[in-house]
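Structural features, examined
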Amino acid sequence: MRRWLLGAGALLAGVTGVLVLAQPAEAYTVRPGDTLWAIALRNGVTVQALAHANGLTDPGAIYPGEQIAIPQAAASGTYTVKRGDTLWSIASSLGVHVSQLLGLNSISDPNFIRPGQRLNVPAAPARSAPSGTLPPGASAAPPLPISVDRARAILTDAARRHGLNPAFVLAVSYWESGFNQGWVSRDGAVGMMQILPATAAWAGPSLLGHPVDLHNPSDNADLGAALLAHYLDEFNDPHLALAAYYQGALATQKDGIYPSSESYVNGIWALRNRFNSGQM
């Protein structure tokens, strides 16, 4: 095993490119102190979507005065806030990203919503499980979302259990979900590490020795770190390990890093370097 490859001192070979947007977008001028995550949160998009829309291979490399394109989401309905609701519990129940709710409703403080308030909501992702059944790796009642600090602590502990540099696991989670344990993607990937239930069905017993609940933050982080460690042992290269996490191990064995995966791999590696240096 050569997990020292994930330690300090590794360099990113940056790749820049131009992407023609396939959806309406508006320009945003970067302000001092902005991060890509903060911009994504304010505008109701994911970090990955924002980086992809602008051809960014290093999500940390944005500069005051620079203009970036913000893909625009559209509301498809409304939700009336009930007593006890939080923005995170609403997003989780609807199967959407909390950043989408923030952007669609111009909410500056996600902790301040009130009963009776009507929120614009985006279309929920399609659910593939038949009525009355749950896919492997899913739970009937996902827990309430956790704080960013708690998410970072859980991810860091998981990384150390599997002999990984915590910055590597943090970077994957930040890119995939923004540390959002309540996030479920349109294809059904769950939680902080965005793991598909079908992957959890084999990887939990195979890598951890037991089934996992992807809606449990500790299980989600533990399995994500275990998968990264497994791919690192298999490929002996962190970039190929990231490619396997994203496009699958068989595809990576056969073809290496797909051109369509390069922004994912390079973007996460750039984030890993920033986490490793204490910039994030």
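Description of the structure in this document. Computed from a predicted structure; not experimentally measured.

1. Quick look at the nonpolar core
One finds L223, L228 and Y245 to be the most contacted residues of the largest nonpolar core, which totals 57 residues. If you tally residues by element for this core, the top one is helix α8 (residues 217-235), at ten residues. Apart from residues no more than four positions distant in its own chain, Y245 is found in contact with V172, E176, M193, I195, G224, L227, L228, Y231 and Y264. In terms of nonpolar packing, the next biggest core, distinct from the first, is built from nine residues, V81, L87, L101 and V121 among them.

2. Remarks on the packing of helix α5 (residues 148-161) against helix α6 (residues 166-177)
Two numbers describe how α5 lies on α6: the axes approach to 8 Å, and their chain directions differ by 130°. Classified by the angle between their axes, α5 and α6 sit oblique to one another. Crossing angle aside, the handedness with which α5 passes α6 is right-handed. Counting all contacts with α5, which are made through R152, L155, T156, A159 and R160, the residues of α6 involved are P166, V169, L170 and S173. Class assignment for the residues of the contact of α5 with α6 results in five nonpolar, two polar and two charged.

3. With respect to the pairing of strand β4 (residues 118-121)
Side chains L119 and V121 of β4 all project onto a buried face; the interleaved residues R118 and N120 project onto a face where none is buried. Direction of pairing for strand β3 (residues 77-80) relative to β4: antiparallel, over a ladder of four bridges. Considered in β4, the bridge of G77 is made with V121.

4. Digging into the packing of aromatic side chains
This structure, assessed with the given rule, holds six aromatic pairs. Between Y174 and F179 the ring centres are 5.5 Å apart and the planes differ by 70°, which places this aromatic pair in the edge-to-face class. A relative accessible area of 8% means that Y174 is categorised as buried. The interplanar angle of 85° and the centroid separation of 6.4 Å between the aromatic rings of W175 and Y264 together place this pair among those described as edge-to-face. Taken together, the residues W175 in helix α6 and Y264 in helix α11 (residues 262-276) connect sequence positions 89 residues apart. Each member of the pair, W175 as well as Y264, is classed as buried. Through a chain of ring-to-ring contacts, the aromatic side chains of Y174, F179 and F275 assemble into a single cluster. For the cation-ring pair, R272 lies above W269, with the distance from its terminal atom to the ring centre recorded as 4.6 Å.

About the thresholds
- Residues numbered from 1 in each chain as written.
- Predicted model: local features only at pLDDT ≥ 70, side-chain atom pairs only at ≥ 80, totals over all residues.
- Heavy atoms only, no water.
- Core = buried A, V, L, I, M, F, W, Y, C linked by side-chain atoms within 4.5 Å.
- Buried < 20%, exposed > 50% of the residue type's maximum accessible area, 1.4 Å probe, protein only.
- Helix = DSSP H or I, 4+ residues; strand = E, 2+ residues; numbered from the N terminus.
- Contact = heavy atoms within 4.5 Å.
- Axes fitted to C-alpha atoms, helices over the stretch in contact; angles between N-to-C directions.
- Parallel < 35°, antiparallel > 145°, perpendicular 65-115°, else oblique.
- Left-handed = near helix turned anticlockwise from the far one by under 90°.
- Nonpolar A, V, L, I, M, F, W, Y, C, P; charged D, E, K, R; others polar.
- Pairing = 2+ DSSP bridges.
- Phe/Tyr/Trp six-rings, centres within 6.5 Å; stacked < 30°, edge-to-face > 60°.
- Lys NZ or Arg CZ within 6 Å of the ring centre and 35° of its normal.

So far we have only geometry, and geometry alone does not tell us how the molecule works.
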